[in-house]
Amino acid sequence: MAKKKKNILRKLLQKHTLIILNEESQEEQFSFRLNRMNVLVVIALMTFFTIACTTLTLLYTPLHDYILPSEKQINVQDKEEILNLTNQIEELETRTKANDLYIKNLRAILRGEVPIPEIDTMQTPITVAVDLSKIDLSPTEDDLELRKEVEQEELFSIQGNQDSQESGNLLFTPLKGMITAGYETEENHMAIDIAAQQGEAIKSVAMGTVIFTDWTPDTGYVVVIQHQRGMISVYKHALTVYKKMGEVVKKGEVIAAVGNTGELTTGPHLHFELWIDGTPVDPQQYIVF
C-alpha cells in the first residue's frame, strides 16, 4: 500500500517538458517544465478565483436583486399578484352571474315561462280579455288613407313622433289601440295585448339597443330591446320587423308592424311586455295607452 502511494506521489512530481515548435521550420519557440501537481494547483487556483469573483459580484452589485431577489421582495410580489388575480376572479364571477341571470330571464321572456311576482291584484287594474272574433276592427276608407299617410311619415322620419310626446323619462306608447287582455298574474299573462289593424306601426317605448329579432313558433316575429336602468321591452306577434340585432333605436322610432304571426294569437295585435331588473311589470303603470 505504501509502495502504491509512493508511485502516485512520484507521478505527480515527475517533471515534464512542454515544447512549442514552429510547424514550418521545426524551430523551438519556447518550452517550460511542469508536473501534474503544478497543473492541479493552477486549476484549483483558477476555480477558486472564479467562484470568489462570482460571489462578490452577486453580493455587492445590483445584479444580486435580479438574480437572487430577497425573501421580502418575493413575498411582496407574490402578495400583489395574488391580490390582483383574486380581484380579477371576483369580477369575472360577478359578470358571469349577471350574464347567466340576464340570459335566463331573456329565455323566459321568449318562451313565456315567466315567474309570477307577488302583486296585490286588488289594487292593480286588470282588463278583462275580449274575444276578437266578436269585435269589428275593420276601419273605414278615411281611416285607411290616414293610417297609410301616418305610417309612411313615421317610417322615414321619427322627428314628429318625438315632438308630439313629452321628453325625459316618460315612456313612449308603442301602439294606439284597444287593450284586449291586461296584465294578469293569475293567468300567467305578464303583458298586455293591444288589438289594432294589421300593418300599423309599432314603436320603441324608449331609446335602447335591439338584442333579439327572430321568429318563434308560438309568438311569431319578436323584437326585444334593452333600455337603460335595467329595463327591457318585448314586442311579439309582429307582421314584419324593421330592425336588426345590435341596432340602436330612438324613443318613438318604428321597429315593427302589427301582425298575427305565431300559434298563440287570435287576431292582429301586439303582445307587449315590460321588464325591469329581470322582473315583469304591468306596462299600464308606466305607459298611458
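Predicted model, so just to flag it, every value in this text is computed and none were measured. The written sequence of each chain sets the order in which its residues are numbered from 1. Selection of residues for local features in this predicted model requires a pLDDT of at least 70, selection of side-chain atom pairs for listing and counting requires 80 or more, and totals for whole chains, interfaces and linings are taken over all residues. Just so you know, side-chain values use all the structure's heavy atoms and leave hydrogens and water out.

Engineer: Outline unusual backbone geometry, listing residues and values.
Structural biologist: At N188, a position not held by glycine, the phi torsion is positive, near 55°. Helix and strand assignments come from DSSP, with helices taken as H or I runs of at least 4 residues and strands as E runs of at least 2, each series counted from the N terminus. In this structure, N188 sits in the loop between β3 (178-181) and β4 (192-195). Relative accessibility decides the category of a residue: with a 1.4 Å probe and only protein chains considered, values under 20% of the type maximum give buried, values over 50% give exposed, and everything between is partly exposed. On the accessibility criterion, N188 (32% relative accessible area) is partly exposed. Positive phi values are uncommon outside glycine, yet R229 reaches one of about 60°. Relative to the helices and strands, R229 resides in the loop between β7 (220-227) and β8 (231-241). Assessed through its relative accessible area of 69%, R229 is described here as exposed.

Engineer: Let's hear about the pairing of β4: which residues, and what values?
Structural biologist: Neither face of β4 is left uncovered, since the one carrying I192 and I194 and the one carrying D193 and A195 both have all their residues buried. Across four bridges, β4 lies against strand β11 (residues 269-276) in antiparallel orientation. Note on β11: the bridge partner recorded for A195 is H269. When DSSP finds at least two bridges between two strands, those strands are taken to pair.

Engineer: Describe the side chain of H227, and please don't skip the residues or the numbers.
Structural biologist: Here H227 shows up in strand β7. A polar side-chain atom of H227 sits 3.4 Å from the main-chain carbonyl oxygen of A206. Whenever two N or O atoms come within 3.5 Å, that pair is a polar contact, provided that in protein one can donate a hydrogen and the other can accept it, and provided that, for residues adjacent in sequence, both atoms are side-chain atoms. Within the local environment of H227, its side chain forms a polar contact with the backbone oxygen of M207, the two atoms lying 3.0 Å apart. By definition in these notes, contact holds between two residues if any of their heavy atoms fall within 4.5 Å. Those residues within four positions of H227 in sequence are excluded, and the remaining contacts are S204, V205, A206, M207, G208, I232, S233 and Y235.

Engineer: Break down a nonpolar patch on the surface for me, citing the residues and quoting the values.
Structural biologist: A patch consists of residues whose relative accessible area exceeds 30% and which take part in no salt bridge; residues with like charges are grouped when within 9 Å of each other, and nonpolar side chains (Val, Leu, Ile, Met, Phe, Trp, Tyr) when within 5 Å. Computed with a 1.4 Å probe, the accessible areas rest on the Shrake-Rupley method; for each residue, only the protein chains presented here act as cover. What makes a salt bridge here is a side-chain nitrogen of Lys or Arg within 4 Å of a carboxyl oxygen of Asp or Glu, nothing more. A surface patch of nonpolar side chains, about 430 Å² in accessible area, is lined by L9, L13, M37, V41 and L45. The dominant element in the nonpolar patch, judged by the number of residues it contributes, is helix α2 (residues 36-60), at three residues. The exposure class of V41 is partly exposed, given its relative accessible area of 41%.

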